There are 2 protein chains.
Amino acid sequence: MTSPLRLGIAGLGTVGTGVIKIVQQQAALLSARSGRDITISAVCARTRNKNRDVDLSEYDWEDDPVTLAKRDDVDVFVELVGGDTGPAMEATQAAIAAGKHVVTANKAMLAHHGQELALAAEAKGVNLRFEAAVAGGIPIIKTLTEGLAGNRITRIMGVMNGTCNYILTRMENAGLPYDTVFEEANQLGYLEADPNLDVGGIDAAHKLVLLSAIAYGTQVDFQGAQLEGIGAISIDDITAAKDMGYRIKLLGLSNMTDAGLEQTMQPCLVPYNSPLGQLEGGTNMVVVEGDAVGQIVMRGAGAGEGPTASAVMGDVMDIARGLSLPVFGQPAKSLKPAKAAKCSTASAYYMRLRLKDAPGVMAKITSALADAGVSIDRMRQKEHQDNAAPVLIVTHETTPAAIETALNAISATGDTVGTPLALKIVEV
Amino acid sequence: MTSPLRLGIAGLGTVGTGVIKIVQQQAALLSARSGRDITISAVCARTRNKNRDVDLSEYDWEDDPVTLAKRDDVDVFVELVGGDTGPAMEATQAAIAAGKHVVTANKAMLAHHGQELALAAEAKGVNLRFEAAVAGGIPIIKTLTEGLAGNRITRIMGVMNGTCNYILTRMENAGLPYDTVFEEANQLGYLEADPNLDVGGIDAAHKLVLLSAIAYGTQVDFQGAQLEGIGAISIDDITAAKDMGYRIKLLGLSNMTDAGLEQTMQPCLVPYNSPLGQLEGGTNMVVVEGDAVGQIVMRGAGAGEGPTASAVMGDVMDIARGLSLPVFGQPAKSLKPAKAAKCSTASAYYMRLRLKDAPGVMAKITSALADAGVSIDRMRQKEHQDNAAPVLIVTHETTPAAIETALNAISATGDTVGTPLALKIVEV
């Protein structure tokens, strides 16, 4: 048996604690599978004296993650501090500079600095791995980078923020408005300190752009992603979607077109009976489509102690076994800059407007749609509420540009109340 | 860039052709991702002159797979011949002996000779990889061996024979009897030359036992698997299951108990709205449960040119990238012999009997159940058909042993027509 693989763990929240539990409780299994012992040399967190539900007495304590990252008795720096800059970034850079492998769950750091860190890690000949950064326990990074390496990837779709999916499915199942369920999720501790990271789609987009880099051989490009959160979704939208056989999901979509890389994270309608449509609560799902494999669907817990620690340990075990790969599957210096393209893929759309109660209004709206080249598949006007009539429209397949033109023209009529909503209908 | 990785491909059916297409059409992509060119030195099949829809003119031809396997210009022997003995086995052994890596789609060979081949490969320091042997394009071998390596695996479930799932869902959707759909599948070319490999559950069990070996660190044990095919399932069973919120699937189940390794491949009822219950047609699904990760579900095409070639190429790319692992995740000589245990996990059961039309029959049947300790949750007697009354029973949770005792006692009454059927209800 070769020498043990020695970890230094920075960040002792749920994930860090989960990793320590696996190392302690599954020592024999990890050793049988990797051919060497996995040990922990030292740990680090902001607060030392805190009941953490694991025994840390055997490990050295460091107050500073950078010091931990550089220790001679650390082979792998496990970064579970979080945040796209600050201590996480400094310690990761220090670890790489000191020739340590890095395993991280930090999607924000990689979405913003992935290329820089990958170049540094590859120059030093160390591994930088981040299975835990995307979709919790689902081994999607490995699947995309290795299992599907023989495929030209044609499309990636994913529901990768459990909190948003919890909110949307809870609204539907309990018939509650967005604000109420948002508050509920907050009370339950499901929301990030800055809730916009969740409900604004930022956290999910961080994950999507990492998958895109691997799939299309491009540099991580968070700035090029188009984001839209779930705050505008009403219970009426959810009900209307359901009546038509759809369900609303915060869906990440990425595909490479002749114009460039399209990356969107926005609420979409997906068929109720599709795997994505069936997804309940905090569960995540990633759908990958490749030219050879067709469609692969993966589903699992997107967060939580065990699932995320499982992903961290998958990376640790790869390193213990001597498996080594470029960070994004091919050398970082060979990754092309992503050319961001605005989404131009045609699809049907769901539109919800609230129209003023006046003669001729509907004629103006339908004209605006016709002028933009948007053709109506189905339309329903509901009874007036608060002196405005909710109108639901499903369009035939059309481009995002045509929808934008139509929405602008509709707003310009001055006959709508509030902001009209348009959601893509994605057939999967 | 290092030297090219040179393949020798034996077997030019759909999968072999698919692999050649990927190597030819995705050369740049494969090279960018692996850092070296993937080339083909020579190929081999039973019939040379046959239109194969790919250009073979650049490759040497061998008539004998053993000769191909030993060629100096072959680094990886790709075995797509099939069959658990004969040429596939001889050529695989020859390749290993000659120090070549082997990539195979041959589940039968590995289910019967996996331990022997793994020992040989590991002694020679070569890779023997078989992603394509299990669940087509779904990278389940990689997921289980690597991605979930930090987990104690607690249960594996899978629908891994697309033909059986096609037959069962087609029976339901078209309301057709088993024999008719079986003949239809035969006409469509969906069935193996020996159809019992499919409908008898043998092919699916070959796959299940490979997953068990990786999951539990045991030697592959096909003999220890309990098999039951789908031939006894009637359209009435499918309808009755549906009425109760279930669907019948040929389900593989494996878990390690104190008594030993339970491996069953049999028709079971699963909740209609569960991921397994939603599965249509030829699609495969594997569900893995681990102590840390919880439940991971993977879904994709279980067969076909593209998906299976994608799996073969995933293995080829791993070898090209220098990733190397023991065949079943831990060294073959450390794998423990599997101690096969008869399934003892308690569950509810669905039973279907046909009772003679005579006084006191029902009393005898219910007594037989009571005597065996089987408690009835729901029971329905339907109108008589052909002088026998179909009776459907759902039991409370009970053991397989109790069900067996009850079935024997029921048969011994002499009051049943035909063979009673009992199917496990698996909650997932």
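On a predicted model such as this, the values are computed, not experimentally measured, just so you know. (Residues numbered from 1 in each chain as written. Chains lettered and ligands numbered in written order. Predicted model: local features only at pLDDT ≥ 70, side-chain atom pairs only at ≥ 80, totals over all residues.)

*Asks:* Can you help me understand unusual backbone geometry in this one?
*Replies:* Peptide bonds are trans in most cases, and residues, glycine excluded, mostly fall at negative phi. All names here are of chain A. In this structure, Asp53 takes a positive phi of about 70° despite not being glycine. Topologically, Asp53 is positioned in the loop between strand 2 (38–44) and strand 3 (60–62). Although it is not a glycine, Asn387 adopts a positive phi angle of roughly 65°. Of note, Asn387 is situated in the loop between strand 14 (376–381) and strand 15 (388–395). For Asn387, a count of 9 C-beta atoms within 10 Å translates into the label exposed. (Helix = DSSP H or I, 4+ residues; strand = E, 2+ residues; numbered from the N terminus. Buried ≥ 20, exposed ≤ 12 C-beta atoms within 10 Å, placed from the backbone.)

*Asks:* Looking at this model, I keep getting lost on the environment of Leu5 of chain B. Mind explaining?
*Replies:* Looking at the element boundaries, Leu5 of chain B is found in strand 1 (residues 5–10). Given 21 C-beta atoms within 10 Å, Leu5 of chain B falls into the buried group.

*Asks:* So what exactly am I meant to see when it comes to the interface of chain A and chain B here?
*Replies:* As a measure of interface size, the accessible area lost when the parts come together is often cited. Taken together, the contact pairs 47 residues of chain A with 47 residues of chain B. Taken together, the elements giving at least two residues each to the side of chain A that touches chain B come down to helix 1 (14–25), helix 2 (27–34), helix 6 (140–147), strand 12 (294–301) and helix 12 (305–320) of chain A. Split by residue class, the side of chain A that touches chain B holds 21 nonpolar, 19 polar and seven charged. Note that strand 12 of chain A and strand 12 (residues 294–301) of chain B share three bridges and pair antiparallel. Paired with Arg299 of chain A across the strands is Val297 of chain B, a residue of strand 12 of chain B. (Contact = placed C-beta atoms within 7 Å. Nonpolar A, V, L, I, M, F, W, Y, C, P; charged D, E, K, R; others polar. Pairing = 2+ DSSP bridges.)

*Asks:* How do you make sense of the domain arrangement of chain A when you look at a structure like this?
*Replies:* Residues and elements named next belong to chain A. Splitting chain A by domain gives domain 1 (147–300) and domain 2 (348–425). Centre-to-centre separation of domain 1 and domain 2, based on C-alpha positions: 25 Å. Opposite the 12 residues of domain 1 that make contact, domain 2 presents nine residues. Those elements that provide at least two residues to the side of domain 1 that touches domain 2 are helix 11 (235–243), strand 9 (246–257) and strand 10 (260–271). (Domains from an automatic or database assignment.)

*Asks:* Would you mind showing me how to read helix 14 (residues 400–412) of chain B here?
*Replies:* For an α-helix the count is 3.6 residues per turn, leaving residues at separations of three or four pointing the same way. Residues and elements named next belong to chain B. If you check helix 14, its first and last C-alpha atoms are 18 Å apart, about what 13 residues at 1.5 Å a residue would give, namely 18 Å. Along helix 14, the positions that sit buried rather than exposed are Ile403, Ala406, Leu407 and Ile410. Down the axis of helix 14, the buried set is contained in an arc of 100°. They therefore lie on one face. The outward face of helix 14, more than 90 degrees from its buried face, is lined by the exposed residues Asn408 and Ala412. Contacts from the buried residues of helix 14 go to strand 13 (348–356), helix 13 (361–371) and strand 16 (421–425). (Expected span 1.5 Å × (residues − 1). Arc of directions from axis to C-beta.)

*Asks:* Sorry, what's going on with the nonpolar core here?
*Replies:* Most often, soluble globular proteins keep nonpolar side chains buried together rather than apart. Of all hydrophobic cores here, the largest spans 282 residues; its most connected members are Val312 of chain A together with Val312 of chain B. Leaving out residues up to four positions away in the same chain, Val312 of chain B has contacts with Val15, Val19, Val78, Val103, Ala105 and Ala132 of chain B. (Core = buried A, V, L, I, M, F, W, Y, C linked by C-beta atoms within 7 Å.)

*Asks:* I tried to follow the relation of the copies chain A and chain B on my own but got confused; where do I start?
*Replies:* When chain A is fitted to chain B, the residual RMSD is 0.0 Å, and the transformation amounts to a turn of 180° plus an axial shift of 0.0 Å. The symmetry that links the two subunits is that of a two-fold axis. When the interface residues of chain A are mapped onto chain B, 100% of them again fall at the interface, so both copies present the same face. (Least-squares fit on C-alpha atoms with pLDDT ≥ 70 in both.)

*Asks:* Looking at this model, I keep getting lost on the environment of Ala98 of chain B. Mind explaining?
*Replies:* Residue and element names in this part refer to chain B. As for its position among the elements, Ala98 is in the loop between helix 4 (87–97) and strand 5 (101–104). Sequence separation of Ala98 and Gly306 is 208 residues, and the distance between their C-alpha atoms is 30 Å. The contact partners of Ala98, leaving out residues within four places of it in the chain, are Ala69 and Lys70.

*Asks:* Just checking my understanding: could you explain the sheet that holds strand 2 of chain A for this structure?
*Replies:* The strands that make up a sheet pair up through hydrogen bonds in the backbone, lying either parallel or antiparallel. All names here are of chain A. Read across the open sheet, the six strands follow the order 3-2-1-4-5-6; overall the sheet is parallel. Sheet topology places strand 3 and strand 6 (128–129) at the edges, where each strand pairs with a single neighbour. One ladder, built from two bridges, connects strand 5 (residues 101–104) with strand 6; its direction is parallel. Within the sheet, the bridge partner assigned to Val103 lies in strand 6 and is Arg129. Its contacts with the sheet place helix 4 (residues 87–97) against strand 1 (5–10), strand 4 (76–79), strand 5 and strand 6, and it is angled at close to 170° to strand 4. (Axes fitted to C-alpha atoms, helices over the stretch in contact; angles between N-to-C directions.)

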